[in-house]
Amino acid sequence: MKQTIFRTCTLCEATCGLAIDVDDGNIVNVRGDEDDPFSRGYICAKGVAIGAVHADPDRLRQPLRRNERGDFEPVGWDEAFAAIATRLRAIQAEHGKDAVALYVGNPIIHNHGALLLRQSLMNALGSRNVYSASSQDTAPRFVTNYYLYGSALAGPVPDIDRSDYLLCIGANPYVSNGSAWTAPDLKGRLRALRQRGGKLVVVDPRRSETAREADEHIAIRPGGDVALLFAMAATLVDEGLVDRERVAAQTRGWDEVESRLRRVDRDAAAAATGIERGTIERLARDFAHAKQGVAYSRIGVCNNRFGTLATYATDLLNILTGRLGRVGGAMFPRPAIDLVPLARVAEMEGHGRWRSRVRGLPETLGDLPSGCLAEEIETPGPGQVRALITFAGNPVLSVPNTKRLRSALGQLELMVSIDLYVNETTRHADFILPPAWSLAEEHVDILFPAFSVRNIARWSPPVVEPAAGERADWEILLELTERLGGGPMGMPVLDAPLRWAKGLGYRWNPTATLDLLLRLGPYGDRFLPWSQGLNMKKLKAAPHGIDLGPLEEGTAHRVCHAGGRVDLAPTSLLTALDDWLGEQLNRGAAGTLSLIGRRDVRTNNSWMHNIPALAAGRDRCLLLVHPEDAARVGVGDDDLAELESRVHTGQVRVRLSTDMMPGVVSLPHGWGHAETEPWQRVAAQQPGVSANDWTDDQDLEAVVGQSILNGVAVRLRPLPGSAQTLEDGARPTPG
Ligand SMILES: Nc1nc2c(c(=O)[nH]1)N[C@H]1C(S)=C(S)[C@@H](COP(=O)(O)OP(=O)(O)OC[C@H]3O[C@@H](n4cnc5c(=O)[nH]c(N)nc54)[C@H](O)[C@@H]3O)O[C@H]1N2
Ligand SMILES: Nc1nc2c(c(=O)[nH]1)N[C@H]1C(S)=C(S)[C@@H](COP(=O)(O)OP(=O)(O)OC[C@H]3O[C@@H](n4cnc5c(=O)[nH]c(N)nc54)[C@H](O)[C@@H]3O)O[C@H]1N2
Ligand code: SF4
Ligand SMILES: [Mo]
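Residues numbered from 1 in each chain as written. Chains lettered and ligands numbered in written order. Predicted model: local features only at pLDDT ≥ 70, side-chain atom pairs only at ≥ 80, totals over all residues. Heavy atoms only, no water.

Participant: Let's hear about the site of ligand 2: which residues, and what values?
Facilitator: With respect to spatial proximity, 32 residues lie near ligand 2, and among them S176, D204, D225, D600 and T603 are the closest. One of the backbone N or O atoms of V203 is found 3.2 Å from a nitrogen atom in ligand 2. Measuring from an oxygen atom of ligand 2, one finds a backbone N or O atom of G300 at 3.5 Å. Here ligand 2 loses 98% of its free accessible area of 920 Å² to cover by the protein chains. Sorting the residues of the shell around ligand 2 by element identifies α6 (173–176) and α14 (299–302) as the ones contributing at least two each. (Near = heavy atom within 4 Å. Polar contact = N/O pair within 3.5 Å; in protein donor to acceptor, adjacent residues only side chain to side chain. Areas by Shrake-Rupley, 256 points an atom, 1.4 Å probe, with all protein chains shown as cover. Helix = DSSP H or I, 4+ residues; strand = E, 2+ residues; numbered from the N terminus.)

Participant: Lay out the nonpolar core with the relevant residues and their values.
Facilitator: Counting 150 residues, the largest nonpolar core has L166, L167 and F230 as its most contacted members. Ranked by residue count, the leading element in this core is helix α9 (residues 225–238), at 11 residues. (Core = buried A, V, L, I, M, F, W, Y, C linked by side-chain atoms within 4.5 Å. Buried < 20%, exposed > 50% of the residue type's maximum accessible area, 1.4 Å probe, protein only.)

Participant: Give me the lowdown on the packing of aromatic side chains, citing residues and values where you can.
Facilitator: On inspection of all chains with the given rule, the structure shows 11 aromatic pairs. Seen from the ring of F72, R66 lies directly overhead, with NZ or CZ sitting 4.6 Å from the centre. In this structure, R323 is placed above the aromatic ring of F287, and the distance from its NZ or CZ to the ring centre is 4.9 Å. (Phe/Tyr/Trp six-rings, centres within 6.5 Å; stacked < 30°, edge-to-face > 60°. Lys NZ or Arg CZ within 6 Å of the ring centre and 35° of its normal.)

Participant: An account of the sheet that holds strand β9 (residues 165–169) is needed here, citing residue identities and associated values.
Facilitator: The parallel open sheet is built from four strands, whose spatial order is β11-β10-β9-β13. Bordering the open sheet on either side are β11 (216–218) and β13 (293–297), each of which pairs with just one other strand. Averaged over all pairs of adjacent strands, the angle between strand axes in this sheet comes to 15 degrees, irrespective of strand direction. Together, β9 and β13 form the strand contacts of helix α15 (residues 307–320), whose direction differs from that of β13 by roughly 175 degrees. (Pairing = 2+ DSSP bridges. Axes fitted to C-alpha atoms, helices over the stretch in contact; angles between N-to-C directions. Contact = heavy atoms within 4.5 Å.)

Participant: So what's going on with the pattern of salt bridges? Residues and values would help.
Facilitator: Taken as a whole and assessed by the stated rule, the structure comprises 59 salt bridges. Between R162 and D159 there is a salt bridge whose closest N-O contact spans 2.8 Å. Exposure remark for R162: the relative accessible area of 25% places this residue in the partly exposed category. Residue classification places D159 among the buried residues on the basis of a relative accessible area of 1%. Between R357 and E376 there is a salt bridge, and its shortest N-O distance comes to 3.0 Å. With R357 in the loop between β15 (351–355) and β16 (362–364) and E376 in helix α17 (residues 373–378), the pair connects residues that are 19 residues apart, well separated along the chain. Judged by relative accessible area, which is 29%, R357 ranks as partly exposed. A single salt-bridge network, built from bridges that share partners, covers D238, R266, D267, R277 and E281. (Salt bridge = Lys/Arg side-chain N within 4 Å of Asp/Glu carboxyl O.)

Participant: Give a description of the site of ligand 1 that names residues and reports values.
Facilitator: Around ligand 1 there are 29 residues in total, and Y103, N106, D419, N423 and S606 lie nearest to it. One of the side-chain nitrogen or oxygen atoms of S606 is found 2.5 Å away from an oxygen atom of ligand 1. Measuring from a nitrogen atom of ligand 1, one finds a side-chain N or O atom of H669 at 3.3 Å. Here ligand 1, which alone exposes 910 Å², has 97% of that area covered by the protein. Across the shell around ligand 1, the residue classes tally to 14 nonpolar, 11 polar and four charged. (Nonpolar A, V, L, I, M, F, W, Y, C, P; charged D, E, K, R; others polar.)

Participant: Explain the sheet that holds strand β17 (residues 387–391) to me, using residue names and the numbers behind them.
Facilitator: With mixed pairing, the seven strands of this open sheet are ordered in space as β5-β4-β19-β18-β17-β6-β7. Looking at the sheet topology across the chains shown, the edges are occupied by β5 (72–74) and β7 (130–132). In this sheet, neighbouring strand axes are inclined to one another by 20 degrees on average, regardless of whether the strands run parallel or antiparallel. Two elements, strand β6 (residues 100–104) and β7, share three bridges in a ladder whose sense is parallel. Paired with V104 across the bridge in β7 is S132. Sheet strands in contact with helix α3 (residues 77–95) are β4 (64–66), β6, β17, β18 (414–418) and β19 (431–433), and its direction is about 125 degrees off that of β19. Packing of helix α4 (residues 112–125) onto the sheet brings it into contact with β6, β7 and β17, and relative to β6 it is tilted by some 170 degrees.

Participant: Run through the confidence of the model for the protein chain, naming residues and quoting values.
Facilitator: Here the protein chain averages 96 in pLDDT, and 98% of its residues register 70 or above. Ignoring residues within four places in sequence, the model shows residues 723–735, a span with pLDDT below 50, making 22 contacts including any to other chains. (pLDDT = per-residue confidence, 0-100.)

Participant: For the pairing of strand β24 (residues 622–625), give the residues involved together with the corresponding values.
Facilitator: Because side chains alternate across β24, one face comprises the buried residues L622 and L624, and the other comprises L623 and V625, equally buried. Taken together, the four bridges between β24 and strand β26 (residues 649–656) define a ladder with parallel strand orientation. Bridge pairing in β26 links L623 to V654.

Participant: Give me the lowdown on the packing of α4 against helix α22 (residues 510–520), citing residues and values where you can.
Facilitator: In the contact formed by α4 and α22, the axes pass within 9 Å of each other and the chain directions differ by 85 degrees. The orientation of α4 with respect to α22, classified from their angle, is roughly perpendicular. Across the interface between the two elements, H112, G113 and L116 from α4 touch P510, T511, T513 and L514 from α22. Split by residue class, the contact of α4 with α22 holds three nonpolar, four polar and no charged. (Parallel < 35°, antiparallel > 145°, perpendicular 65-115°, else oblique.)

Put into structure tokens, the structure is as follows:
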């Protein structure tokens, strides 16, 4: 039977509506859904390939166990769960709760069931050794939201459809489609901004795809953003461009910030950024004078030596110019399913409530910095990590100093991975529990509506049937949680009745919880039969979703601090600001280049390289080098060269590019698949090298322990023994 099923894409934060044609249970075509009120038919190459993940012959269909010979062999679900639970309990009984660590990867953010059960599994484990992709990604953004507005999920987003000036710092939405900012077809939305006379200004060490189409590209030295942004804020103060009335009405703590802004040295900022002081001041004026301007920063700024401070400074610019909660500025969504009250009631959010054992680094919103994971496994003593569960993550490619982590994984007594594939990380596991691909499950976005540029609610039905015996991610997490003595609600008082109900045949499922949150949420029907409000039944009856309108003016509906005021002066941030003000420098060791990262339209971090349509074509794992730097160090276009950092020396293929700021080189992350040859046959064809072999786990950002993945000091030189001896087209080998 032929049918078209409408479904939200779960591959990136843009959440485009897809129209998926299915014939006899097989996906035959994937298009953009023209009737989706949010994405209006937009789709990218990855969205088109979403069905190929389901069809991929290398995707795991049954659990695997490592046998005595060290090979993987199939194992039954029940046997696997029983063995895992027994060993986890034994390890915790002998060595304490913290001996079991959990690492949660990026795809969880697209998975409502797993998001709901993550805390339950954590509670059942009772370990403080929880890690995630966040310390390579959003931690600076989320902690800024937490401090300024009261919750990680209560952050403002650029109201792009109504702005007339976007200052885009360290983000490349033309390629990434946006992050912590949900807006399908950002490329189209940015073009529309320019067509209506608006201005796009991009700050990036590389002339990125977004920068190429901008009105102005400002090249900045990696890590210089904190100086740029505070110098801009200082200019606003100095030139009377602060909207003092609005700042007084919306915030608390301004005096403490203002006195510090007066200490910002704008000449030092010019030196730290490589941007002339006059340009910095002009940028501040342009920004302030725009009618509906907004500043936005992301990965290039977050994964940086001053990632949290610079993220805070981005928000400060919006707040000081009166753009917070104003049309075209930085506005707050009102999601239909709101996790903020839940997070607050369960006291899930915080910063520095406990610290890592070895280095004493703070937790942030429940996670420790991933840069600590290897040392927590390697360093003996009470609390040493002896078992690791990875969920939808590939830390061996995604966290800093991956060579060290890779070898640390070999010391574990037990490793369990819940993942679709055998990859660079899961190949070290003793058990791999593969979920059905998400298209076999219903889907509701519960995170992205908190970052969307329109308020929207959508429910997506399953598209394909799971194969016999396949389980959804949430079913795997739930089973594991229950076998460890926990339950889906993560609280004994709520889980006890559910266990009793299970005996009577009722099984908890995530959608029932979502129905509750939806009905009690801001647009909900509150269980009143006469209400026009939303419930899951109504959502399910709207195949393209329900448009709840543009973002609302004001801040009161989102800021959750007492009195609804934005806290401009949280102690952690002021302390970091004071430390930075003491130096205001952006040092690089003499003779080094600064390594940064980038993304590619047909990649999805480390994991879609096994999809032929996305993997095809020329090698993309290239080190972009400015011709002046190349000439100085003696390497040429297409050469294999040697790249050295504190932690690693290895080969890279060079591509000369005048898009690079001199002194800066760029290597994409997510590559380095040589080890997966037998398990991911397509990805292994073009393995590339892992950028995180060169990044450093010992050099982390100060506030949240963010990984510094941009601005890493490296040296580049010709290959010893000379490049001429290598055949043309030879691929880089992992070091
Ligand atoms: N140098 C450098 N490093 C970076 C970055 C950078 O810019 N530069 N970016 C960082 C960022 S922003 C991120 S988000 C991280 C990502 O880092 P991670 O989250 O650690 O890993 P991913 O590469 O996203 O890989 C996701 C894994 O989940 C599996 N998977 C996919 N879908 C599902 C699913 O539905 N269920 C389950 N159970 N498994 C699934 C895939 O097979 C893969 O193994 O990388 C970070 N690392
Ligand atoms: N096609 C594709 N899309 C993706 C992903 C993917 O892997 N592929 N990953 C998704 C994920 S998980 C995320 S988090 C988002 C990230 O989305 P974005 O934040 O847009 O990330 P990038 O595309 O890596 O762009 C970061 C930019 O920062 C620049 N940069 C590096 N260092 C600095 C610096 O010190 N200062 C400044 N100002 N700029 C700097 C880089 O040159 C780069 O152009 O993308 C998502 N979308
Ligand atoms: S932009 Fe993101 S959400 Fe949209 S189709 Fe592509 S991968 Fe899917
Ligand atoms: Mo990310």
